[in-house]
Amino acid sequence: MFSPRRPNALLGNGKLMIILDDYGNLLHLYYPHVGMWQHLEQFRLGVHHGPFFRWIPPYSDDTPHTQSYTDDTGEANTRLEVNGVGLEFYDVIHPALDVFIRRIRVRALDESPVKLYFYHRLNIAETQFGETVFHDPDVSGLIHFKNSYFFMFGSQPSFSSCACGEHSVKGLSGTYVDAEDGRLLSSDVSHGSADSVAELTFNPNGDWVEGYYYIVAGRSLEEVYSLNQYLSSKGLRKAMSEASSFWSSWFAHKPRVDRQLDGQLGSVYRSSLYVLKNCVDVDGSIIASPDAANLKLSGDSYNYCWWRDASYVAVALNETGMSQLTLKFLRFAVRNQLKEGYFYHRHSPDGSWGSTWHRKPFIQLDQTCSVIYTLYNYYLHTDDVSSLLEFWPMVKSAANYVSSQIKDGWLTPSYDLWEENYGVHVYTACMVWHGLLSAEKIGDVLGKERRGWSQLAESVRSRLLESMSDGSLPRMLDRDDKRADSSMLMLVNTGLIHPSTELAHKLVGYVESKLGKKSGGVALYQGNS
């Protein structure tokens, strides 16, 4: 039994996203939104040299390998050794073109040719059947398509052989089996549960030799042909150079707080900037995670935009000089705000409603307030008054709705941030206080008449602090639940409880003592599985 494949590197441009495992296998292929759709079911990379054939792990035993981002280039670099063959992959996604490019270096110490086999089992639009794959000799590529999604797989030099077939039907395992003797039985087209294998031949003769493998994504055959023609005329090396130059310039204009960090921490910081940027969709959605591995275990994934999670990311974007991406997110919020003023539980990256386990009206009050605060935080970092004015109708509608859910300082129940309890969580009350104060401050900047939001915010704060007046630290305000909860630290972080007070020190100490882990960090809450 081979070990499960784990995501290790992310490449993207806001429309096309590819996730790699630590051996350089493609795990997920998203298009035309970040996190939607996941079109790739299985990718394999095989190596044939002399009498040996081997699939790269996890479809075989482990092999020596390393992977990292090349500093400030947006390039993932993977090195492996397979049966005496040295392999190096340098992977990028072009910032302006929906193209993934892999530069491949191969070395073998004898004169035997090295053949690499690329196996493609797609799941276009996340459905298995009704797919077509064909080999087009005019462009020397394989093209998979279904409906309005087209993916071309090409190489330089051209593939030496290709095979189109089927998988998972008629007792077939998959066309990858055809590669395992080092020779493909050529077939030009297949449909239904379609898959393909491409062969790329190298002749190292003891030296390092180089080639390219690439993927072009488009919404029509004409679009992928046009992109392929552009790559052919420009050259894959030049296209990769453009991508690296873009990211080098992009990194050069970001705050260099990593200069204050040790080498490895600085590298993690820069990689984090890259990942943050590439988890923001071209239309403004910010997904919780691009990892779809959970899909087969639970029937769903984290490829959704939660307003709370996205707001945390947006605040980080503001802190790291990427506030223009926060602006995209806020416009995404405007487009998806409900007429009542609040925000639905979670959205797919294209703005459509995501699946939910919440009861109607599918609301978490803290999420709506998080969006309000994100706008105010954006203003604090940019002084962009014009954008405050643009988003004022959203703020007013959201704050008025939240205000309608408060009576004498008590909140109407909604789902908590852990999405488990329907009631009044301390974290929710804290964020309502924070959001309404932010709304009032935005109105003050714009010279708007005060609407009583700050008074309502203080009434919520008073009720919350009253619940702690007996020395206890409850996590729920509408029931007896005094389990330690890490989210209660937000009371200190937002300033609802001043950090210098005895209550703040007590709260932090309580969370650390009950939830602290020997390995570092804290658990979500007591009893969390």
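Here is what the cut-offs are and how they apply
Residues numbered from 1 in each chain as written. Predicted model: local features only at pLDDT ≥ 70, side-chain atom pairs only at ≥ 80, totals over all residues. Heavy atoms only, no water. Buried < 20%, exposed > 50% of the residue type's maximum accessible area, 1.4 Å probe, protein only. Helix = DSSP H or I, 4+ residues; strand = E, 2+ residues; numbered from the N terminus. Pairing = 2+ DSSP bridges. Axes fitted to C-alpha atoms, helices over the stretch in contact; angles between N-to-C directions. Salt bridge = Lys/Arg side-chain N within 4 Å of Asp/Glu carboxyl O. Expected span 1.5 Å × (residues − 1). Arc of directions from axis to C-beta. Contact = heavy atoms within 4.5 Å. Phe/Tyr/Trp six-rings, centres within 6.5 Å; stacked < 30°, edge-to-face > 60°. Lys NZ or Arg CZ within 6 Å of the ring centre and 35° of its normal.

*Asks:* Now, about the pairing of strand E14 (residues 149-156): what can you tell me, with residues and values included?
*Replies:* Taking burial as the measure, the 8 residues of E14 include 7 buried ones, the bulk of the element. Pairing of strand E13 (residues 141-146) with E14, which is carried by 5 bridges, proceeds in the antiparallel orientation. Bridge pairing in E14 places Ile-143 opposite Met-152. Taking the residues that link successive antiparallel strands as the turn, the E13-E14 hairpin has 2 residues, and the phi of Asn-147 there is positive, at about 50 degrees. In terms of strand pairing, E14 meets strand E18 (residues 208-218) through 7 bridges, oriented antiparallel. The residue bridging Phe-153 from the neighbouring strand is Ile-215, located in E18.

*Asks:* Break down the sheet that holds strand E3 (residues 26-33) for me, citing the residues and quoting the values.
*Replies:* As summarised here, the arrangement of the 4 strands in space is E1-E2-E3-E4, forming an open sheet in which the pairing is antiparallel. What marks the edges here is a single partner per strand, and that holds for strand E1 (7-12) and strand E4 (36-38). Between one strand axis and the next, the sheet turns through 20 degrees on average, direction left out of account. Inspection of the sheet shows E1 paired to strand E2 (residues 17-21) by 5 bridges, in the antiparallel sense. By the bridge assignment for E2, Pro-7 is matched with Asp-21.

*Asks:* Explain the pattern of salt bridges to me, using residue names and the numbers behind them.
*Replies:* Summed over the entire model, instances satisfying the criterion amount to 25 salt bridges. With its nearest N and O atoms 2.5 Å apart, the salt bridge here joins Arg-237 to Glu-210. Highlighted residues: Arg-237 in helix H2 (residues 236-252) and Glu-210 in strand E18, separated in sequence by 27 residues. In this structure Arg-237 comes out as exposed when scored by relative accessible area, which is 53%. Look at the salt bridges and you will find they share partners, linking Arg-308, Asp-309, Asp-366 and Glu-419 into a network.

*Asks:* An account of helix H10 (residues 453-466) is requested, with residue identities and associated values reported.
*Replies:* Taking 1.5 Å per residue as the helical rise, H10 with its 14 residues ought to reach 20 Å, and the 20 Å between its terminal C-alpha atoms agrees with that figure. Every buried residue of H10 is listed here: Trp-453, Ser-454, Ala-457, Val-460 and Leu-464. One side of H10 holds all its buried residues, which, seen down the axis, span an arc of 120 degrees. As for H10, its buried residues are in contact with helix H8 (385-404), strand E21 (406-407), strand E22 (410-411), helix H9 (426-445) and helix H11 (490-493).

*Asks:* So, the packing of aromatic side chains: which residues are in play, and what are the values?
*Replies:* One pass over the full model with this rule turns up 29 aromatic pairs. With a centroid separation of 5.0 Å and an interplanar angle of 85 degrees, the aromatic rings of Phe-53 and Trp-55 are classed as edge-to-face. Taken together, the ring pairs connect Tyr-69, Phe-246, Trp-247, Trp-250, Phe-251 and Tyr-274 into an aromatic cluster. Geometry around Trp-55 places Arg-44 over its ring, the cationic atom sitting 5.6 Å from the centre.

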